[in-house]
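Now for the letters of each chain:
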Amino acid sequence: MAKMAGKQMVVEALKREGVDVIFGFPGGAIIDVYDTLEKDGTIKHVLVRHEQGAAHAADGYARASGKVGVCIATSGPGATNTVTGIATANMDSVPMVVFTGQVPTALIGNDAFQEVDIVGITRPCTKHNYLVKDVKDLPQVLKEAFYVARSGRPGPVLIDLPKDVQNGKAEFNYPQEIKLRSYNPVIEPHGKQIERAYRLIEKAKRPVIYAGGGIIISDAYKELRALAKAMYIPVTMTLMGLGGFPGTHELSLGMLGMHGTYSANMAMANSDLIIAIGARFDDRVTGKIEAFAPLAKIIHLDIDPTSIQKNVKVDVPIVGDCKRVLKKLLDAVKDAGRPAEAWRDQHQAWLQQLDAWKKRHPLTYKEEPGVIKPQNVIEKLYEMTKGRAIITTEVGQNQMWTAQFYKFDEPRTLLTSGGLGTMGYGFPAAIGAQMAFPDKLVVDVAGDGSIQMNIQEMATAMEQRLPVKIVILNNQFLGMVRQWQELFYDRRYAATEFEMTPDFVKLAEAYGAKGFRATKPEEVDDVLSKGLEAEGLAIMEFAIAREEGVFPMVPAGKATTEMLLV
Amino acid sequence: MKHTLSVSVENTPGALSRITGLFSGRAFNIESLNVAATLDPTLSHITLVTRGDEFIIEQIIKQLRRLVDVFKVVDVSEGEFVEREMSLIKVRAEEESRAEILRICDIFRCKVVDVSPKSYTLEVTGPESKLKAVIELLRPIGIKEITRTGTIAMMRERKTV
């Protein structure tokens, strides 16, 4: 068998893993892989303007498509620039493989030019990582990396490639199948646990399904809908779970938690059975943990055993892939053979109560003459896109208003940094999503603060001719922090007011994109339709009510029933 | 509660660092740590003593198992087990204390592994409680230097067939 260079192995592995596009930025320590990619010519490379953009773009590609996202950077600063993107993907369980160049093995540890211990730096924020010291190990490492990234609870995997390993030669035996003795995620749930879960569901009078990102990752959308419908159980979703159950469905309570709906938080607080599916009882969901769901028994389905019993005590833990578990639960429901009416009657009083809560405090906002309300912009965006766009968000108020007022009906239509809360995520993620779906409408909802964190990727989008649309809700504030300062820090706006923001319309034009601005409510429709219909990249800027807040709001550390309403 | 965990990990560079990083990153305690080769050259064995309530210990074990390099985790302190620790203690041995040191040594079945005109170096093996007792008795005489291995442990075999 002819020997192959490490750089060639990387390209071969990408092809065998079905990778058609990668995002990256070159440099001296990765130049050999780039040279091989160029000569090979089959894999599309998107040149970003900052490596953080590459990592977020790979992440957006992965979340939108369900495939493994791939990015590539050079050693040292190139590698460290990907770290925020890696940590973002890690917190939200996004399958990703990151390649970084490294100085030659002989120089490792010598403080060589552009040397950094990226494997050490990313150890706590990757699912796994590798420093390849011998090209003979590379085929196995490449196969493992993709397998680990996409299996079990997915996550980012980093491969650090010293320059001499890229150029060294060895036989290329790419494993077809892989089995690791130390890594065997549990996919199939335990039959006994399904039975125990069903017995609790059978008795519950006030059940609620609390659905997280696991629904979307495991592609369990249909199963969840079938389960909820079969037994008339209402569903609330985490930020990561939005789109995992239709937001317009009558059984949907919308999002729960800090900025969740009144009905969702009341449902959790009064429920006698919480069925948590692919969610992890994050502090933004539970609020004050001692006061969380005091009356409820808890069934918790998750592929990651560490998520179970981490924050709250669970009555029936079920480890397994959400889709598989839900299928088994559905079978159990079918086997029991209770007619649908029996379930409906059992939950009728509860559903009526939820309806009353929905009506008492729906998601709402106050209109003010002459001022653009951000919630209104999102509502209009929802109407004009008919809910069919892929929406990415930045982090802060823009993210929460989107989560509240855009009704996500389909999985993989909201891409947002939930766990890490990374400002600057949305725009490069939109670039990644648009690469995955060239024909879909992809919109980044941003604030004037967060859009500036990766604004340089405008050039990337233009270069790739990507028709990404950016909605900027401009209040000249770092709005979410300002809101906290207003409510809890006596309105001392420490470092949250922007005295200078660029002219976003001119900025768009400077990049060769289109820019539109609305300063009055009557201009909103026009700007949205012009922007959405514009060819290519476009910015739609909305000068919104400066001190508008996100409500309801559960103050940090308070019980979720202690909501501040509009 | 004190727990003694027996952890088998892939013998790869960075595996130990993943484990210690997990403990520091998640604010778990490590009271002692022992790492050594096993009969299988591709696996290393770690004995780790930690403290926490049942939820913390459950998390520690689950988090360890989640690491891609970790092969097996057993909480040996859940059942019957033997544990041993070794210590080398260099103790000041003047004319008047030499006999006393040897008596302590004898009572605790320690070994004298090095002798000098002014000191004895003792090897002590046993569970942590025994080491503690020896150290407390030798302390007033004058401990010049001490090193300890950290605990190693093993589950007892079942006594019935």
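Not measured: the values here are computed from a predicted model.

Student: Give a detailed account of the overall build of chain A, specifying residues and quantitative values.
Tutor: Along chain A, the regular secondary structure elements total 22 helices and 20 strands. Computed over its C-alpha atoms, the radius of gyration of chain A comes to 24 Å, within 12% of the 24 Å expected for a compact globule of 566 residues. Dimensions of chain A, computed from C-alpha atoms along their principal axes, come out at roughly 70 × 60 × 40 Å.

Student: So what's going on with helix 7 (residues 138–150) of chain A? Residues and values would help.
Tutor: Structurally, the α-helix is built with 3.6 residues per turn, so residues lying three or four positions apart point the same way. Residues and elements named next belong to chain A. For helix 7, built from 13 residues, the straight-helix expectation of 18 Å at 1.5 Å per residue is met to within 8% by its first-to-last C-alpha distance of 19 Å. Counting buried residues in helix 7 gives ten out of 13 residues, a clear majority hidden from the surface. Turning to helix 7, its buried residues are L138, P139, V141, L142, K143, E144, A145, F146, V148 and A149. Summarising the contacts, the buried residues of helix 7 are in contact with helix 1 (6–16), strand 4 (69–73), strand 5 (96–102), strand 6 (128–131), strand 7 (156–162) and strand 8 (169–171). Where helix 7 ends, the next residue or the one after it, G152, has phi of about 55°, a positive value.

Student: Please provide a residue-by-residue account of the sheet that holds strand 15 (residues 390–393) of chain A, values included.
Tutor: All names here are of chain A. Read across the open sheet, the six strands follow the order 16-15-17-18-20-19; overall the sheet is parallel. The two strands at the open ends of the sheet, each matched to only one other strand, are strand 16 (414–415) and strand 19 (514–518). Sheet topology note: the strand 19/strand 20 (residues 538–543) ladder contains five bridges and is parallel. By the bridge assignment for strand 20, R517 is matched with E541.

Student: Could you give an account of a nonpolar patch on the surface, naming the residues involved and the relevant values?
Tutor: Residues L487, F488, Y489 and L564 of chain A make up a contiguous nonpolar surface patch of roughly 330 Å² in combined accessible area. Positionally, L487 of chain A belongs in helix 20 (residues 479–488).

Student: Any chance you could break down the interface of chain B and chain A for me, citing the residues and the numbers?
Tutor: Each partner contributes to the interface: chain B provides 18 residues, whereas chain A provides 16 residues. Summing both sides of the interface, chain B and chain A together bury roughly 1,600 Å²; the carbon and sulfur share of this comes to 49%. Counting across the interface, chain B meets chain A through three salt bridges. At the junction of chain B and chain A, the tally comes to nine residue pairs in polar contact (both at pLDDT 80 or more). Elements with a minimum of two residues in the side of chain B that touches chain A: helix 1 (15–25), helix 2 (54–66) and strand 4 (70–75) of chain B. Counting residues per element, the side of chain B that touches chain A draws most heavily on helix 2 of chain B, which supplies six residues. Of the residues assigned to the side of chain B that touches chain A, the class counts are six nonpolar, five polar and seven charged.

Student: I'd like a rundown of the packing of aromatic side chains, residues and numbers included.
Tutor: Residue and element names in this part refer to chain A. Evaluated as defined, the whole model comprises 13 aromatic pairs over all chains. Arranged with centres 6.3 Å apart and planes meeting at 80°, the rings of Y198 and W343 form a pair that is edge-to-face. A residue pair is termed long-range when its members are at least 10 positions apart, and Y198 in helix 9 (residues 191–203) and W343 in helix 15 (residues 340–360) qualify at 145 residues. Relative accessible area serves as the criterion here: at 1%, W343 is assigned to the buried category. Between the aromatic rings of Y406 and F408, the centroid separation amounts to 4.8 Å while the plane-to-plane angle is 35°, which identifies the pairing as tilted. In textbook terms, an aromatic cluster arises when at least three aromatic residues are bridged by ring pairs, as seen for Y210, F281 and F292.

Student: Describe the environment of R18 of chain B, listing the residues and the values that go with them.
Tutor: By the element assignment, R18 of chain B lies in helix 1. Along the primary structure R18 of chain B and D69 of chain B are separated by 51 residues, whereas in three dimensions their C-alpha atoms are 8.5 Å apart. Excluding anything up to four places from it in sequence, R18 of chain B contacts R123, H128 and N129 of chain A together with L67 and D69 of chain B.

Student: Talk me through the sheet that holds strand 4 of chain A; I want residue IDs and the actual numbers.
Tutor: Residues and elements named next belong to chain A. Strands sit in the order 3-2-4-5-7-6 across an open sheet of six strands; the sheet is parallel. Either end of the sheet is taken by a strand with one partner, and the two such strands are strand 3 (44–47) and strand 6. Each strand axis lies, on average, 20° off the axis of its neighbour in the sheet, ignoring direction. Strand direction decides the pairing type here: strand 2 (residues 21–24) and strand 3, joined by four bridges, are parallel. Pairing of V21 across the sheet is with K44, part of strand 3.

Student: So, the pattern of salt bridges: which residues are in play, and what are the values?
Tutor: Residues and elements named next belong to chain A. Within the structure shown, the criterion is met by 44 salt bridges over all chains. K323 is paired through a salt bridge with E223; the nearest N and O atoms lie 3.3 Å apart. Here K323, found in helix 14 (residues 322–336), pairs with E223, found in helix 11 (residues 221–231); they are 100 residues apart in sequence, far enough to count as distant. Of the residues examined, E223 reaches a relative accessible area of 9% and is grouped as buried. Each of E12, K15, R16 and D40 takes part in a single network of salt bridges with overlapping partners.

Calculation criteria
- Residues numbered from 1 in each chain as written.
- Chains lettered and ligands numbered in written order.
- Predicted model: local features only at pLDDT ≥ 70, side-chain atom pairs only at ≥ 80, totals over all residues.
- Heavy atoms only, no water.
- Helix = DSSP H or I, 4+ residues; strand = E, 2+ residues; numbered from the N terminus.
- Rg over C-alpha atoms; globule rule 2.2 N^0.38 Å.
- Expected span 1.5 Å × (residues − 1).
- Buried < 20%, exposed > 50% of the residue type's maximum accessible area, 1.4 Å probe, protein only.
- Contact = heavy atoms within 4.5 Å.
- Pairing = 2+ DSSP bridges.
- Patch = residues over 30% accessible without salt bridge, like charges linked within 9 Å, V, L, I, M, F, W, Y side chains within 5 Å.
- Areas by Shrake-Rupley, 256 points an atom, 1.4 Å probe, with all protein chains shown as cover.
- Salt bridge = Lys/Arg side-chain N within 4 Å of Asp/Glu carboxyl O.
- Buried area = accessible area lost by both parts, 1.4 Å probe.
- Polar contact = N/O pair within 3.5 Å; in protein donor to acceptor, adjacent residues only side chain to side chain.
- Nonpolar A, V, L, I, M, F, W, Y, C, P; charged D, E, K, R; others polar.
- Phe/Tyr/Trp six-rings, centres within 6.5 Å; stacked < 30°, edge-to-face > 60°.
- Axes fitted to C-alpha atoms, helices over the stretch in contact; angles between N-to-C directions.

Shape is all these values report; function is a separate question.
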